[in-house]
Amino acid sequence: MIFFKSRHPEYSFDDIRSFTDEEVVAAAKEWASDKFFLETVAAYFSAGKPSFLQPFLKKKVVKYLITLLKSVDSVASFQKNIISDLVIAEIKKRTVKSIHYSGFENLNPNDRYIFLSNHRDIVCDAAFFEDGMLKHGLKTTEIAFGSNLLVNKSVEKLIRSNKGCIFYRGLDLRKQYEEYSRFSAYIGKLMNDNQSLWLAHRPGRSKDASHETNPAVLKMIYLAGRSRGVSFPEYMNFCQIVPVSVSYERDPAVPLMAKALVFEERDGKYEKSRDEDLQHIISGVTGYKGEIHIAVGTPIDFTPFGKNAEAVALEIDRFIHTQFVPGAFHYIAYDRMFHTDRFSCMYTDDDETEFDSLYSRYEPMIYKKILLQYANPVVSKIKIEEIRK
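As a starting point, this report considers the structure included with it.

Definitions and limits used
- Residues numbered from 1 in each chain as written.
- Predicted model: local features only at pLDDT ≥ 70, side-chain atom pairs only at ≥ 80, totals over all residues.
- Heavy atoms only, no water.
- Helix = DSSP H or I, 4+ residues; strand = E, 2+ residues; numbered from the N terminus.
- Rg over C-alpha atoms; globule rule 2.2 N^0.38 Å.
- Areas by Shrake-Rupley, 256 points an atom, 1.4 Å probe, with all protein chains shown as cover.
- Salt bridge = Lys/Arg side-chain N within 4 Å of Asp/Glu carboxyl O.
- Buried < 20%, exposed > 50% of the residue type's maximum accessible area, 1.4 Å probe, protein only.
- Phe/Tyr/Trp six-rings, centres within 6.5 Å; stacked < 30°, edge-to-face > 60°.
- Polar contact = N/O pair within 3.5 Å; in protein donor to acceptor, adjacent residues only side chain to side chain.
- Core = buried A, V, L, I, M, F, W, Y, C linked by side-chain atoms within 4.5 Å.
- Contact = heavy atoms within 4.5 Å.
- Patch = residues over 30% accessible without salt bridge, like charges linked within 9 Å, V, L, I, M, F, W, Y side chains within 5 Å.
- Axes fitted to C-alpha atoms, helices over the stretch in contact; angles between N-to-C directions.
- Parallel < 35°, antiparallel > 145°, perpendicular 65-115°, else oblique.
- Nonpolar A, V, L, I, M, F, W, Y, C, P; charged D, E, K, R; others polar.
- Pairing = 2+ DSSP bridges.

## Details of the overall build of the protein chain
- In terms of regular secondary structure, the protein chain is built from 15 helices and seven strands.
- Relative to a compact globule of 389 residues, whose C-alpha radius of gyration would be 21 Å, the protein chain shows 21 Å and is just as compact.
- With the C-alpha coordinates of the protein chain rotated into their principal frame, the extents come out at 60 × 60 × 45 Å.
- About 19000 Å² of surface is accessible on the protein chain, with carbon and sulfur atoms providing 55% of the total.

Set out below in structure tokens:
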């Protein structure tokens, strides 16, 4: 494998890199004595239990959590014992019927990749993917988070302790390009260090669930290669870009996304409220998701595409849409949006009753956007199937 060395002075990555083992151990010790952090986690774990039991359960959770945090001795132990075995396990128990993984068995445990994934949930998309990596005996990846999620120092510390790296957004044009270049250089460093990366296939989440890859993400990755005089196909093959498709039977983000789509359509743009990302995180973590499917592809060969990032983006889309597994709600939404019964065999009367109990209370404009989000993955899947014929 080729290792590309920079011709330029080293960037500073101190404010965007994930934490080292030593930094994670220090953070865990701080959390072990942070009353607000401990009580917040305890409240989540005791939620839904009988009120007379909650004080006892909270004390028990706090005691257990302190023990776990004090035992953290590395990034790996933090991810395994705290994130995967405790937090993700609880989220799955409360909000997930089952998770189906495919393609992980084809990954080389000694290699590294850039996983480009469709993106709907701020936390759960990457969290369930990483859990799948652990379940298949693979090294976890670094996870790229937008700087908009750094609502406070505690959140930043948690993200970076869980192998999160930060991409700064919302800068002026010149500074944003500089940040693209720096983050691209950071990705190149990860590749040279044999460290994989999970990255959304477009800036931000797909509000309308069309799941279309933005070629700008591919071009951003390539900036580090271009600065070294390496061709687009050669550098991207070196990075080993792997598409990932994540499907939720139920999507907790739908109502919040629908409101954003309505405002965007009405006003021409949409400005998020200060705590909106936090609302999305909470709804994603606590909302019921039903069955989840996570499909991982194989590294894309960029050689036939030359410099055409747009064509590669379409190839990634093909994988995402083909591997997406619609649930009953997706088919209900498609039939209602297009006034058809094309997929009526894919859902029951009970499914429709449940769909209505969740979404019929919304005003017509928001309801239409709810249908749009559930229907779009089916629309995309149909288009791919028609192209193949």
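From this point on, the discussion continues.
## Section: the pattern of salt bridges
- Scanning all chains against the criterion turns up 24 salt bridges.
- As a salt-bridge pair, Lys80 and Asp85 come within 2.6 Å of each other at their nearest N and O atoms.
- Given the relative accessible area of 39%, Lys80 is considered partly exposed.
- We classify Asp85 as partly exposed; its relative accessible area is 38%.
- For the salt bridge of Lys92 with Asp131, the shortest nitrogen-to-oxygen distance reads 2.7 Å. Residue Lys92 is found in helix α4 (residues 75–95), and its partner Asp131 is found in helix α5 (residues 124–135); the two are separated by 39 residues along the sequence.
- The exposure class of Lys92 is partly exposed, given its relative accessible area of 21%.

## Description of the packing of aromatic side chains
- The full count for this structure, using the stated rule, is 25 aromatic pairs.
- With 5.3 Å between their ring centres and 65 degrees between their planes, Phe167 and Phe183 make a pair best called edge-to-face. Here Phe183 lies in helix α7 (residues 173–192) and Phe167 lies in strand β4 (residues 164–167), a separation of 16 residues in the sequence.
- A residue is classified by how much of its surface remains accessible, and Phe183, at 0% relative accessible area, is buried.

## Concerning the side chain of Thr141
- Relative to the assigned elements, Thr141 resides in the loop between α5 and β3 (142–146).
- Classification of Thr141 as buried rests on a relative accessible area of 0%.
- A polar atom in the side chain of Thr141 sits 2.4 Å from the side chain of Glu130.
- There is a polar contact of 3.4 Å between the side chain of Thr141 and the backbone nitrogen of Trp198.

## Some remarks on the nonpolar core
- If you look at the biggest cluster of nonpolar residues, it comprises 88 residues, and the most contacted ones within it are Phe115, Phe128, Phe183 and Ile221.
- If you tally residues by element for this core, the top one is α4, at seven residues.
- In contact with Ile221, other than residues within four places in its own chain, are Ile114, Ser184, Ile187, Leu199, Tyr235, Met236, Cys239 and Ile241.
- Judged by nonpolar contacts, the second largest core, of 23 residues, contains Phe329, Tyr334, Ile366 and Val378.

## A word on unusual backbone geometry
- The phi dihedral of Lys163 falls on the positive side, at around 60 degrees, and the residue is not glycine.
- Looking at where Lys163 falls in the secondary structure, it is placed in the loop between α6 (153–161) and β4.
- Taking the relative accessible area as the measure of exposure, Lys163 reaches 12% and is therefore buried.
- A positive phi angle is found at Ala209, which is not glycine, with a value near 60 degrees.

## Quick notes on a nonpolar patch on the surface
- Side chains of Phe52, Leu53 and Phe56 sit close together on the surface and give an oily, nonpolar patch of about 350 Å² of accessible area.
- In this fold, Phe52 is placed in the loop between α2 (35–46) and α3 (54–71).

## Points about helix α13 (residues 328–337)
- Counted residue by residue, α13 has eight buried out of ten residues, so it is predominantly covered.
- Turning to α13, its buried residues are Ala328, Phe329, His330, Tyr331, Ile332, Ala333, Tyr334 and Asp335.
- Once α13 finishes, His339 follows within two positions and takes phi at roughly 50 degrees, a positive value.

## Considering the packing of helix α8 (residues 215–226) against helix α9 (residues 232–239)
- Running from N to C, α8 and α9 point in directions that differ by 100 degrees, and their axes come no closer than 9 Å. In terms of axis orientation, α8 runs roughly perpendicular to α9. From α8, Leu218, Ile221, Tyr222, Ala224 and Gly225 reach across to α9, where they touch Phe232, Tyr235, Met236 and Cys239.
- Partitioned by chemical class, the residues of the contact of α8 with α9 number eight nonpolar, one polar and no charged.

## Some points on the sheet that holds β4
- In spatial order, the strands read β1-β7-β6-β2-β5-β3-β4; together these seven strands make up an open sheet with mixed pairing. A strand with exactly one partner marks an edge of an open sheet, and here the two such strands are β1 (96–102) and β4. The mean inter-strand angle of the sheet, taken between neighbouring strand axes irrespective of direction, is 25 degrees.
- In the sheet, β3 pairs with β4 via four bridges, with the strands oriented parallel. Along β4, the bridge assignment pairs Ile143 with Gly164.
- The strands touched by α8 are β2 (114–117), β5 (197–200) and β6 (241–248); relative to β5, the strand with the most contacts, the crossing angle is about 140 degrees.
- With respect to the sheet, helix α12 (residues 309–323) is in contact with β2, β6 and β7 (290–296), its orientation differing from that of β6 by roughly 30 degrees.

Geometric values such as these leave the question of function open.
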